[in-house]
Amino acid sequence: MPLPVLDVPTYDLILPSTEQELKYRPFLVKEEKILLMALEGGEEKEMAKAIKQILRQCVLTENFKIDNLALVDVEYIFLKVRGKAVGDKSKIFIECTNTECENKIEIELDLEKIKIDTHKDHTDLIKLTDDIQVRMVPPKMEYLMATVSKNQIDIVMDVIRDSISEIIQGKEVFSAQDHTREELEDFLNSLNSGQFQSVRQFFETMPALRHDIEYTCNKCNKTEKQTLQGLASFFASA
């Protein structure tokens, strides 16, 4: 006699960036093993691979392509998949900022309250001069996997270059996909500091998983406020 097969519930969500509707299921023990193995390794690249593998298996919508998604969408889906699998409560540990204390404080987060934070000044079209503008797109998951081994400066330059969609001069539009990496890098290197900061502001203001918390250290009684941002912040362990 065959063993019983458990029914797995399915859920719907709306992607923050594109408003596309996706159907998904919670991750199962087989997917949790993938995640735990990546966590044990402690490597960001392995974590990124694990998240991609889990979401490919758990998102049930046809023609779902995770490599085409913005990072904030990937993080949002994973938060939902994880929440439906093991519960919407997550315990994290934050180190006290008092240098004489350095106690680790346990905080319980309600993942249902974690929202996508949007900035009123965010725009994908950046004006560099009276005649030249740049249109940007959010960084993709593939960027995270490709650059985790590089230094911080290389990471910043790579993600900015790969997030350029178009360069517009007057009525002429230059598509980034029609130009080489070297040409795009030369364009970025030609910017002055103010222009480059305008481009960076696109990333500083783009939608992200953010959550403000306030906590009091149970050892030194210091009260602090902190903003959690990014997927890793909501699952920080001791």
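Structure: see above.
Here the structure is a predicted model, which means the values were calculated and not measured. (Residues numbered from 1 in each chain as written. Predicted model: local features only at pLDDT ≥ 70, side-chain atom pairs only at ≥ 80, totals over all residues. Heavy atoms only, no water.)

**Student:** Looking at this structure, how should I read the pairing of strand β7 (residues 132–136)?
**Tutor:** Remark: a regular strand shows side chains that alternate across the two faces of the sheet. Both strand β6 (residues 125–127) and β7 contribute to a ladder of three bridges, which runs antiparallel. Its bridge partner lying in β7, I126 is registered against V134. Between β6 and β7, which pair antiparallel in sequence order, lie four residues. Strand direction decides the pairing type here: β7 and strand β8 (residues 164–169), joined by five bridges, are antiparallel. The residue bridging Q133 from the neighbouring strand is I168, located in β8. (Pairing = 2+ DSSP bridges. Helix = DSSP H or I, 4+ residues; strand = E, 2+ residues; numbered from the N terminus.)

**Student:** Sorry if this is basic, but what is going on with the pairing of strand β1 (residues 11–14) here?
**Tutor:** When β1 meets strand β2 (residues 21–24), the two strands line up antiparallel, connected through four bridges. Following the sheet pairing, I14 is matched in β2 by E21. Here β1 hands over to β2 after six residues, with E19 in that stretch at a positive phi of 65°.

**Student:** What should I look at first to understand unusual backbone geometry in this one?
**Tutor:** For residues that are not glycine, phi is negative in most cases, and the peptide bond is trans in most cases. One non-glycine residue with positive phi stands out, namely E19, at about 65°. Tracing the backbone through its elements, the reader meets E19 in the loop between β1 and β2. Residues other than glycine seldom take positive phi values, yet N63 does so here, at roughly 60°. By the secondary structure assignment, N63 is in the loop between α2 (44–58) and α3 (71–86). Residue N63 is classed as exposed on the basis of its relative accessible area, which comes to 71%. (Buried < 20%, exposed > 50% of the residue type's maximum accessible area, 1.4 Å probe, protein only.)

**Student:** Please clarify how the sheet that holds strand β5 (residues 115–117) should be interpreted in this entry.
**Tutor:** Across the sheet, which stays open at both edges, the three strands sit in the order β5-β10-β11 with antiparallel pairing between neighbours. In the strand order of this sheet, the two ends are held by β5 and β11 (223–229), each with one partner. Across the sheet, the axes of successive neighbouring strands diverge by a mean angle of 45°, strand direction being ignored. Examined bridge by bridge, β5 and strand β10 (residues 208–216) share three bridges and lie antiparallel to one another. Looking at β10, one finds that I116 is bridged to L209. Across the sheet, α3 lies against β5 and β10, angled at about 60° from β10, the strand it touches most. (Axes fitted to C-alpha atoms, helices over the stretch in contact; angles between N-to-C directions. Contact = heavy atoms within 4.5 Å.)

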